[in-house]
Amino acid sequence: MKFKLEREIIIGAVIRLQKAGLIINTSGNVSIKVGKYVIITPSATTYNNLTPTDILVMNQDKEVVEGNLLPSSEVDLHYSIYENDESIKAIVHTHSLYATAVSSIANELPAIHYQIVDLGGAIPVAPYKTFGSPALASVVVENICGKNAVLMQNHGAVTVAEDLEKALSRSILLEWLCSLYLISKQSGKPSLINQPELIAVKDQMEKYRKMREEFI
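(A) Local environment of the pattern of salt bridges. Per the stated rule, a full pass over the model turns up eight salt bridges. The salt bridge involving R170 is made with D118; its shortest N-O contact spans 3.2 Å. Highlighted residues: R170 in helix α5 (residues 164-187) and D118 in the loop between β6 (108-109) and β7 (123-126), separated in sequence by 52 residues. A relative accessible area of 7% places R170 in the buried class. Relative accessible area serves as the criterion here: at 21%, D118 is assigned to the partly exposed category. A salt bridge links E206 to R209; the shortest N-O distance between them is 2.5 Å. With E206 and R209 both in helix α6 (residues 195-213) and three residues apart, the pair spans about one turn of that helix. Residue class for E206 comes out partly exposed when judged on its relative accessible area of 32%. Connected through shared salt-bridge partners, D118, K166 and R170 make up one network.

This is the structure in structure tokens:
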């Protein structure tokens, strides 16, 4: 079996997304890129009993080289993101409640909390396009440029990273930030963090990252 470990990692990520309430039924999809291959979840398949053989291995021509199920309907989305930025090696796409809600009322998720720095700052909302279409893939790539996340109007969210663990944690963070924003708006006019302060946060995070490395 090709990429058995990566397929198991994807299943573990899907289980965590379910437990976190970020995916329900068969919504959402997850992938990892290894060399010229993309390992991705299947289409319209319940995630409760996934096995490694249910996870698809696809080549650079979007052909299934291993697996018997139909790959995710968002194959074009995943491939387009990988092709646009070679540093990205993992993608998480969800239809999570709060992220989808924000995508339906705003043009972006503003800097409601300093942890948004890990996502690249304020998160844009890509215009609505039909799911699974090249048009959707195009607008997502256009809007995610320079960011680690993007919201998709009336659809959901995408997070990216150099590994699946980080893409998963960013998906959970994005949902929390969206919930915080919605609650704040319901309670009044939320204060936002300006760009100079976000830069200061980024510098502070880098300082502490280096300090942690000294203890390893």
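On we go from here.
(B) Up close: the packing of aromatic side chains. Scanning the model with the defined rule gives one aromatic pair in all. Note on F3 and Y37: the rings are 5.4 Å apart at their centroids and 55° apart in plane angle, and the pair reads as tilted. On the criterion of sequence distance, the pair formed by F3 in the segment before α1 (4-19) and Y37 in strand β2 (residues 37-40) is long-range, its members being 34 residues apart. By relative accessible area, Y37 is classed as partly exposed at 28%.

Calculation notes
Residues numbered from 1 in each chain as written. Predicted model: local features only at pLDDT ≥ 70, side-chain atom pairs only at ≥ 80, totals over all residues. Heavy atoms only, no water. Salt bridge = Lys/Arg side-chain N within 4 Å of Asp/Glu carboxyl O. Helix = DSSP H or I, 4+ residues; strand = E, 2+ residues; numbered from the N terminus. Buried < 20%, exposed > 50% of the residue type's maximum accessible area, 1.4 Å probe, protein only. Phe/Tyr/Trp six-rings, centres within 6.5 Å; stacked < 30°, edge-to-face > 60°.

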